[in-house]
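Chains, contacts and geometry: an overview
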Amino acid sequence: MRRFLELDAFRGLAITGMVIFHFFFDLSLLGIQPRDMFVGGWNIFQKSIASLFLLIVGMSLTISYARAVKKHKGPQLVMKYLRRGGLVFGVGLLITLVTYMVYPEQYIVFGILHMIGIAIMLSLLFIRFHHLNLLLGILFVYFGFVVKDMFVSTKLWLWLGLMYEGFVTLDYYPLLPWFGVVLIGMFLGKTLYPKGQRKHKIELPFQKELAWMGQRSLVIYLIHQPVMLGLMMLYLQTV
């Protein structure tokens, strides 16, 4: 299947930014260079990385669906995306288990992979829309800001964006507002890649190198933290 290198490159750019953010986050987590990673410039940097990544998720879904609909029909097409979303969500659950064993007081309940998995499955309800997805995406983002400071007495609504008092986690990407970013990406996908075809050619600096990383973004996501944390812990044992 033909890939659009510019989308892989943007995904590679996002994964590079994520690794940089996590490097400094790990330095802070282990007390090597303590800093607050969730305020000011670092907070903007993190949100920008996540937004870029999720925009690409949305755009890629429209391209993938435009191609898949030519080969699959009805239940077969639905199952393709339910399986894909379920697989990504399952990897997210594995990360939940690992972080619970390592950091039980702030383990990941609903991180970015959980959100992407659910978004892939939910996209089946929105894939038919074009401009409406832009409006719905803006509304999701808006209500994400509305509920940000609202608290409930249960953990059951964490996936949506409603937190309980004292909730702490290493990674949190609820549907409000982040599914809104995916919907905006779906709007951009249908605008820039109508029927899965490129409308405008885009060339990025270091596109091939970034695309190589983007094509392996899930693997990089899964291994970079254990590698960096392991090396930092070895460093702490030597000083």
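What this report covers is the structure whose coordinates are included nearby. Just so it is clear, the structure is predicted and the values come from calculations on it, not from any experiment. (Residues numbered from 1 in each chain as written. Predicted model: local features only at pLDDT ≥ 70, side-chain atom pairs only at ≥ 80, totals over all residues. Heavy atoms only, no water.)

Counted as a void, the largest pocket has a volume near 1100 Å³. Lining the largest pocket are 43 residues, with Arg 3, Arg 11, Val 57, Ser 60 and Ser 217 sitting closest to its centre. Of all elements in the fold, only helix H1 (5-29), helix H2 (40-68), helix H3 (74-102), helix H4 (112-126) and helix H8 (217-238) reach the threshold of two or more residues within the lining of the largest pocket. With 12 residues, H2 is the largest single contributor of residues to the lining of the largest pocket. Looking at the lining of the largest pocket residue by residue, the class counts come to 25 nonpolar, eight polar and 10 charged. Of the voids in this model, the second largest pocket is the one considered here, and its volume is about 720 Å³. (1 Å grid on protein atoms, 1.4 Å probe; cavity = no way out; pocket = protein on both sides within 12 Å on 5 of 7 lines; lining within 4 Å. Points joined across faces, edges and corners; volume = space filled by probe spheres on them. Helix = DSSP H or I, 4+ residues; strand = E, 2+ residues; numbered from the N terminus. Nonpolar A, V, L, I, M, F, W, Y, C, P; charged D, E, K, R; others polar.)

Under the definition given, this model contains five salt bridges. Two residues, Asp 8 and Arg 11, come together in a salt bridge whose shortest N-O distance is 2.7 Å. Taken together, the residues Asp 8 and Arg 11, both in helix H1 and three residues apart, mark about one turn of the helix. Given a relative accessible area of 14%, Arg 11 falls into the buried group. Taken together, the shared-partner salt bridges connect Arg 3, Asp 8 and Arg 11 into one network. (Salt bridge = Lys/Arg side-chain N within 4 Å of Asp/Glu carboxyl O. Buried < 20%, exposed > 50% of the residue type's maximum accessible area, 1.4 Å probe, protein only.)

In total, this model carries 18 aromatic pairs according to the counting rule given. An angle of 20° between the planes, with centres 6.4 Å apart, marks the rings of Phe 21 and Phe 25 as stacked. One end of the pair, Phe 21, and the other, Phe 25, are both in helix H1, four residues apart, so they sit about a helical turn from each other. Considering the side-chain rings of Phe 21 and Trp 42, the 6.2 Å spacing of their centres and the 65° angle between planes classify their relative orientation as edge-to-face. Here the residue Phe 21 occupies a position in helix H1, and Trp 42 occupies one in helix H2, the gap between them amounting to 21 residues. Of the residues examined, Trp 42 reaches a relative accessible area of 25% and is grouped as partly exposed. Put simply, the rings of Phe 21, Phe 23, Phe 24, Phe 25, Phe 38, Trp 42 and Phe 45 touch in pairs and so form one group of aromatic residues. (Phe/Tyr/Trp six-rings, centres within 6.5 Å; stacked < 30°, edge-to-face > 60°.)

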